[in-house]
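A closer look at the structure
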Amino acid sequence: MRITHRQLEAFIQFMETGTVTAAADRMLVTQPAMSKMLAGLEIDLKLALFQREKRRLIPTDEARLLYNEVRRLFASLSDVERFADDLRTFRTGELRIISSSTLGLTLVADALSDFCKENPEVDVLMDMSSNVGPDVLAANADIGFSVTQFQHPSLKIEPLFHVSSVCVVHKDHPLAARQRLGPKDLEGEEFISFTRNTRMRHITDGVFEQYRVARKMRIEVFASAEANALVSRGVGVAIVEPLGVRQNFWPDIVAIPFDPPIEFTFSAFRPRDRIASPLTNRYMEILQRYVRQMRTGESHLPHWMEVRLPGEARPATG
């Protein structure tokens, strides 16, 4: 049994018009072609759908029951077509984002605000995580954002931008009035570090070891947001990425450029074996616009914030 969409359409048109001629006119086919499709449907279904009286077709009870079922199926197909159209035009769908707190509370949220205004019918799930790479691998998100470097063959990692670190101190700290700080300025200071065995912890410790500077090391945090929260309460100093400081979430801290520069790289994480949805691509377009505005100065960066796009040379240091 191999019935076709065309046969069922012909059957519906006949049942609704009552004659082969009117049904043929609706489908823009000849009367013999319409009669052939209806006869073929009877053969394929092995059902007597019509009684033939004086060259007229009279639907049987089976035909009337079949008509109700076919109409229901065609309505479902129309629903599928409308849903597909909604997906194409962003009138429905779901976008799942997972992000580190630093990006989630700043650029990711900025771009998501624009995205939601532009696509009011799209459902959005946004989550904060300290394990963005593994969460994207586990298919918990369409895209993830983090400063943490996580390599895996099933992940596509796209660097978004680089930022130079800043040293954050409480506004009442003796170093708060300085224009720049270096390792020796932090000799003996209570220093808030990133957790052990992280890339940024190794890089930061390497700088202080190179300059043979000792710090008081008893507080560890996972991300810059936690470090900023502690510094704002007068607990220690830290070297962090500047995004959160720029947002002024913690008004009692002061950001000061640090030499030699320690660079943070923010990246997008996507599953390598899954084609990005149009919603994901549209969100990325908005996010990258924010990144470009930040790089060109359109978003009014503070003097202590230095941004570099992938492929750009690092600025020369004195």
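This text goes with the structure placed above it.
Quick caveat, the model's predicted, so the values are computed rather than measured. (Residues numbered from 1 in each chain as written. Predicted model: local features only at pLDDT ≥ 70, side-chain atom pairs only at ≥ 80, totals over all residues. Heavy atoms only, no water.)

**A word on the sheet that holds strand S5 (residues 143-146)**
For the record, the criterion: At least two bridges found by DSSP between two strands are what make those strands a pair. What counts as a helix is a DSSP run of H or I of at least four residues, what counts as a strand is a run of E of at least two, and both are numbered from the N terminus. In what follows, residue pairs with any heavy atoms lying within 4.5 Å of each other are defined as contacts. Comment: axis = line fitted to C-alpha atoms, over the contacting stretch for helices; angle = value between 0 and 180 degrees taken between N-to-C directions.
Strand order in the open sheet formed by six strands is S4-S3-S5-S12-S6-S13, and the pairing between neighbours is mixed. Looking at the sheet topology across the chains shown, the edges are occupied by strand S4 (123-128) and strand S13 (307-308). On the sheet, helix H11 (residues 278-296) packs against strand S3 (94-99), S5, strand S6 (155-164), strand S12 (263-271) and S13 and is oriented at approximately 20° with respect to S6.

**Considerations on helix H6 (residues 107-118)**
To keep it simple, the criterion reads: Here a helix's expected span is defined as the number of its residues, less one, multiplied by 1.5 Å.
Given a rise of 1.5 Å per residue, twelve residues ought to cover 16 Å, and the 17 Å separating the end C-alpha atoms of H6 matches this to within 8%. Contacts made by the buried residues of H6 are with S3, helix H5 (101-104), S4, S5, S6 and H11.

**Digging into helix H1 (residues 5-17)**
We count it as follows: Here the term buried applies to any residue with accessible area under 20% of the maximum for its type, exposed to any over 50%, and partly exposed to those in between, with areas from a 1.4 Å probe on protein chains only.
Between the first and last C-alpha of H1 there are 18 Å, a value that for 13 residues agrees with the 18 Å anticipated at 1.5 Å per step. Those residues of H1 that sit buried are Gln7, Leu8, Ala10, Phe11, Ile12, Gln13, Phe14 and Met15.

**A look at the packing of aromatic side chains**
Here a ring pair, both rings aromatic, is described through the centre-centre distance and the interplanar angle of the planes. Note the threshold: Stacked, tilted and edge-to-face pairs are distinguished by plane angle, under 30 degrees for stacked and over 60 for edge-to-face with tilted covering the rest, among Phe, Tyr and Trp rings (Trp via its six-membered ring) whose centres lie within 6.5 Å. Cation placement over rings: the criterion is NZ of Lys or CZ of Arg within 6 Å of the ring centroid and within 35° of the ring normal.
Inspection of the entire model under this criterion finds nine aromatic pairs. Ring geometry for Phe249 versus Trp250: centroids 5.6 Å apart, planes at 85°, classification edge-to-face. An aromatic cluster of three or more residues is present, and its members are Phe11, Phe14 and Phe50. Directly above the aromatic system of Phe191 lies the positively charged group of Arg215, at a separation of 4.6 Å from the ring centroid. Of note, Arg215 hangs over the ring of Phe208, and the distance from its end group to the ring centre comes to 4.1 Å.

**Notes on the environment of Trp304**
Looking at where Trp304 falls in the secondary structure, it is placed in the loop between H11 and S13. Along the chain, Trp304 and Phe258 lie 46 residues apart, while their C-alpha atoms are 9.1 Å from each other. Contacts of Trp304, omitting those with residues within four sequence positions, involve Val166, Pro242, Val245, Arg246, Ala255 and Pro257.

**Notes on the packing of H1 against helix H2 (residues 20-27)**
Operational definition: Orientation is classified from the angle alone, with under 35 degrees giving roughly parallel, over 145 giving roughly antiparallel, 65 to 115 giving roughly perpendicular, and any other angle giving oblique. Crossing handedness is defined as follows: a turn of the near helix away from the far one that is anticlockwise and smaller than a right angle gives a left-handed crossing, while the clockwise case is right-handed. All amino acids are sorted into three groups, where Ala, Val, Leu, Ile, Met, Phe, Trp, Tyr, Cys and Pro are nonpolar, Asp, Glu, Lys and Arg are charged, and the leftover types, Gly among them, are polar.
Look at H1 against H2: their axes get within 8 Å of each other, and the N-to-C directions meet at 125°. Comparing the axis directions of H1 and H2 gives the class oblique. As H1 runs across H2, the sense of the crossing is right-handed. Where H1 abuts H2, its residues Arg6, Glu9, Ala10, Gln13, Phe14, Glu16 and Thr17 lie against Val20, Ala22, Ala23, Arg26 and Met27. When its residues are assigned to classes, the contact of H1 with H2 shows six nonpolar, two polar and four charged.

**Topic: the environment of Met294**
Locating Met294 in the fold gives a position in helix H11. Looking at Met294, the relative accessible area reads 0%, which means it is buried. With residues up to four places along the chain from it excluded, the contact list for Met294 reads Leu107, Phe161, Leu243, Arg246, Ser299, Leu301, Met305 and Val307.

**A word on the nonpolar core**
To keep it simple, the criterion reads: Among the buried residues, those of types Ala, Val, Leu, Ile, Met, Phe, Trp, Tyr and Cys that are joined through side-chain atoms within 4.5 Å form a nonpolar core. Domain ranges listed in this record stem from an automatic or a database domain assignment.
Membership of the largest hydrophobic core comes to 60 residues, with the highest contact counts inside it found for Phe145, Phe161, Val168, Leu186, Phe258 and Tyr283. Here this core gets seven residues from one element, more than from any other, and that element is H11. Two domains each donate at least three residues to this core, and these are domain 2 (91-161 + 265-308) and domain 3 (166-261). Apart from the residues lying within four places of it in its own chain, the contact partners of Tyr283 are Leu95, Ile97, Leu107, Val108, Ala111, Leu112, Phe115 and Phe145. Ranked by size, the runner-up nonpolar core spans 23 residues in total, among them Ile12, Ala24, Leu45 and Leu49.

**Some points on the packing of H2 against helix H3 (residues 31-45)**
At a minimum axis separation of 9 Å, H2 and H3 run at an interaxial angle of 100°. Here H2 lies roughly perpendicular to H3, going by the angle between them. Judged by residue contacts, Val20, Thr21, Ala23, Ala24 and Met27 of H2 engage Gln31, Met34, Ser35, Met37 and Leu38 from H3.

**Looking at the sheet that holds strand S9 (residues 216-221)**
On the basis of which strands lie adjacent, the open sheet formed by five strands has the order S9-S8-S10-S7-S11 and mixed pairing. Of all strands in the sheet, those bounded by a partner on one side alone are S9 and strand S11 (253-257). The mean angle between the axes of side-by-side strands here comes to 30°, regardless of whether they run parallel or antiparallel. Its contacts with the sheet put helix H8 (residues 199-210) on strand S8 (190-194), S9 and strand S10 (237-240), and the angle it makes with S8 is roughly 145°. The strands touched by helix H9 (residues 224-231) are strand S7 (166-170), S8, S9, S10 and S11; relative to S10, the strand with the most contacts, the crossing angle is about 150°.

**Remarks on the environment of Gln293**
By the element assignment, Gln293 lies in helix H11. If we skip the residues at most four places from it in the chain, Gln293 touches Glu298 and Ser299.

**What about the pairing of S10?**
Alternating residues of S10 divide into Val237 and Ile239 and Ala238 and Val240, and every residue in both groups is buried. Sheet topology note: the S7/S10 ladder contains three bridges and is antiparallel. Each bridged residue has a counterpart across the sheet, and for Cys167 the counterpart in S10 is Ile239.

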